[in-house]
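# Topology and contacts: notes
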Amino acid sequence: AMLMFLDSPSHSTPVMATRRQPVGNKRRIPRQARATETVAAILEAAAQVLEASGLGGFTTNAVAERAGVSVGTLYQYFGDKTAILLTLAQQELELALSDVGRALQAEAHPLVEGRVRAMVRAIVNAFRGRQRARKAVLQAILAQGRGLETMEPLAAFIAHASEQIGRGPKPVLTTLSPEQVFVLSRSMMGTIRAAVLEEQPFFRSRAFEDEIVRLVTAYLDAVTRSAVGREA
């Protein structure tokens with residue numbers, strides 16, 4: 001049996017509750033429903049502008065116009081366009097982790113490979129299929145030297161999932177070590193990130209999904225076999 005890294009957490013996004021406040025440098029935290037709706041409209045407009053024009057056409061004026069608000073209103077919540085990009089990245093990461101949490105539910109996917117595939121599919125389909133927007137946001141956060149802010153939550157999520165062991169009909173061998181969490185998360189996300197930045201035509205294909213699933217399941221199987229050897 002493979003590691004119970006894939007035995008789901010009890011709730012979908014355990015990482016977010018313990019991490020610091022989302023990045024984005026908001027000037028005013030929305031406390032009322034109307035303000036929250038305004039922020040949501042700005043972020044949705046930002047994603048639409050990025051998908052249509054990429055970073056080259058991404059300006060606060062363009063976002064405000066698409067959102068149907070004044071530039072002054074936009075600046076009440078975001079100091080500049082970089083703050084919008086970082087907040088958009090955080091939002092999409094939280095949505096993706098929520099989808100991953102559901103994907104790892106053992107009840108929905110009793111087989112290990114099924115849960116891995118659902119997890120990979122959730123990550124590949126982040127940004128709701130807006131590949132140009134996803135690439136633009138990724139380029140922006142990498143240019144800011146803030147790539148780890150998107151990687152760390154996923155690694156922490158994997159680490160949390162790997163701790164949910166000890167359940168099921170068969171004994172569980174081990175959790176993932178910090179080194180194993182690092183290698184697994186960087187291998188999977190590094191491959192997906194490269195495909196996004198390179199605009200690979202196969203990015204959303206079943207064949208690409210199959211290879212990512214093979215990468216994850218083969219690594220987990222190797223870790224399990226190693227643990228069996230140590231305990232034998």
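Each value, and the rule that gives it
- Residues numbered from 1 in each chain as written.
- Predicted model: local features only at pLDDT ≥ 70, side-chain atom pairs only at ≥ 80, totals over all residues.
- Heavy atoms only, no water.
- Axes fitted to C-alpha atoms, helices over the stretch in contact; angles between N-to-C directions.
- Helix = DSSP H or I, 4+ residues; strand = E, 2+ residues; numbered from the N terminus.
- Parallel < 35°, antiparallel > 145°, perpendicular 65-115°, else oblique.
- Left-handed = near helix turned anticlockwise from the far one by under 90°.
- Contact = heavy atoms within 4.5 Å.
- Nonpolar A, V, L, I, M, F, W, Y, C, P; charged D, E, K, R; others polar.
- Buried < 20%, exposed > 50% of the residue type's maximum accessible area, 1.4 Å probe, protein only.
- Salt bridge = Lys/Arg side-chain N within 4 Å of Asp/Glu carboxyl O.
- pLDDT = per-residue confidence, 0-100.
- Phe/Tyr/Trp six-rings, centres within 6.5 Å; stacked < 30°, edge-to-face > 60°.

## Re the packing of helix α5 (residues 81–103) against helix α6 (residues 112–124)
When two helices pack together, their arrangement is given by the angle between their axes and by how far apart the axes lie. The contact between α5 and α6 brings their axes to 8 Å, and the two run at 165°. Relative to α6, α5 is oriented roughly antiparallel. Crossing hand, α5 versus α6: right-handed. From α5, D99, V100 and A103 reach across to α6, where they touch R115, A118, M119, A122 and I123. Of the residues contributing to the contact of α5 with α6, the split by class is 6 nonpolar, no polar and 2 charged.

## Thoughts on unusual backbone geometry
In terms of backbone geometry, most residues other than glycine have negative phi values and most peptide bonds are trans. At F127, a position not held by glycine, the phi torsion is positive, near 65°. Note on placement: F127 falls in the loop between α6 and α7 (131–143). Residue F127 is classed as buried on the basis of its relative accessible area, which comes to 9%. Residues other than glycine seldom take positive phi values, yet E199 does so here, at roughly 50°.

## A word on the pattern of salt bridges
Taken as a whole, this structure holds 11 salt bridges when the rule is applied. Across the pair R117 and E113 runs a salt bridge whose closest N-O atoms are separated by 3.4 Å. Here the residue R117 and the residue E113 both occupy positions in helix α6, the gap between them amounting to 4 residues, near one helical turn. On the basis of relative accessibility, which here comes to 13%, the residue R117 falls in the buried class. D210 serves as the salt-bridge partner of R117, at 2.8 Å between the closest nitrogen and oxygen. In this pair, R117 is assigned in helix α6 and D210 in helix α10 (residues 206–231), connecting sequence segments 93 residues apart. Here D210 falls in the partly exposed class, since its relative accessible area comes to 27%. Salt bridges sharing common partners tie together E113, R117, R121, R206, E209 and D210.

## Details of the confidence of the model for the protein chain
The share of residues in the protein chain with pLDDT of 70 or more is 70%, and the mean pLDDT across the chain is 78. At the level of individual helices and strands, the protein chain shows its lowest average pLDDT in helix α1 (residues 14–18), which scores 36, and its highest in helix α3 (residues 60–67), which scores 97. Note that pLDDT drops below 50 for residues 1–24; the model gives that stretch 77 contacts with residues more than four away or on any other chain. Here residues 164–173 is modelled with pLDDT under 50, and outside its nearest four sequence neighbours on either side it reaches 19 contacts, counting other chains as well.

## Some thoughts on the packing of aromatic side chains
A complete count under the given rule lists 2 aromatic pairs for this structure. Pairing F202 with F208 gives two aromatic rings, centres 5.3 Å apart and planes at 40°, and the pair type is tilted. Take F202: its relative accessible area is 38%, and that puts it in the partly exposed class. Accessibility expressed as a relative area gives 9% for F208, which makes it buried. Between F203 and F208 the ring centres are 5.9 Å apart and the planes differ by 40°, which places this aromatic pair in the tilted class. There is no split in this pair, since F203 and F208 are both buried.

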